[in-house]
Amino acid sequence: MENPPRIIYLQNQKTENYAFYNAWLWKVIDDPKNECCHVIFVTKDEIEIEKKDDFFDAVSFIKNTLCKDNIGSDGCEEITRQEFDDFFALTVSKINMLSKI
């Protein structure tokens, strides 16, 4: 029996007392069968999907580079699947609405 894939959900943390903040969320999915991982990046306006070589390198890059270099962000925190899915659904809804115009 195969083990379920490792999945982590991340969000950049808002810097305290800083007015400017854009939420960035990631879903990182390990795919050991194909020796890679998939990263879904979501903002309020866009969704990007990337294929990376290593699950742990991808998570480390998000936590130590992307979250720390984002204006208004103070590191990264792990979130629940439900929090990610709710934000993802809002972004998809907005994209769908704009595509009808």
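Right above here is the structure, for reference.
The sections below set out a description of the structure shown in this document. (Residues numbered from 1 in each chain as written. Predicted model: local features only at pLDDT ≥ 70, side-chain atom pairs only at ≥ 80, totals over all residues. Heavy atoms only, no water.)

Attention shifts here to the packing of aromatic side chains. Considering all chains together, one arrives at six aromatic pairs under this definition. Seen from their ring centres, W24 and F41 are 5.5 Å apart, and the 90 degrees between their planes marks the pair as edge-to-face. Taken together, the residues span a long stretch of sequence, with W24 in the loop between β1 (7-14) and β2 (25-31) and F41 in strand β3 (residues 36-42) at a distance of 17 residues. Owing to a relative accessible area of 23%, W24 belongs among the partly exposed residues under this scheme. Between the aromatic rings of W26 and F41, the centroid separation amounts to 5.5 Å while the plane-to-plane angle is 40 degrees, which identifies the pairing as tilted. Highlighted residues: W26 in strand β2 and F41 in strand β3, separated in sequence by 15 residues. One exposure class covers both W26 and F41, and it is buried. Joined through ring pairs, the aromatic side chains of Y9, F84 and F88 make up one cluster. (Phe/Tyr/Trp six-rings, centres within 6.5 Å; stacked < 30°, edge-to-face > 60°. Helix = DSSP H or I, 4+ residues; strand = E, 2+ residues; numbered from the N terminus. Buried < 20%, exposed > 50% of the residue type's maximum accessible area, 1.4 Å probe, protein only.)

For the structure on display, the rule yields four salt bridges. A salt bridge links E50 to K52; the nearest nitrogen and oxygen atoms lie 3.3 Å apart. Overall, E50 belongs to the partly exposed group, its relative accessible area being 37%. Of the charged contacts in the structure, one is a salt bridge between R81 and D85, with a shortest N-O distance of 3.2 Å. Linking R81 with D85, this pair stays in helix α2 (residues 81-99), spanning four residues, or about one helical turn. Residue R81 is classed as exposed on the basis of its relative accessible area, which comes to 53%. (Salt bridge = Lys/Arg side-chain N within 4 Å of Asp/Glu carboxyl O.)

Honestly, that's just the spatial picture; any functional story needs more than this.
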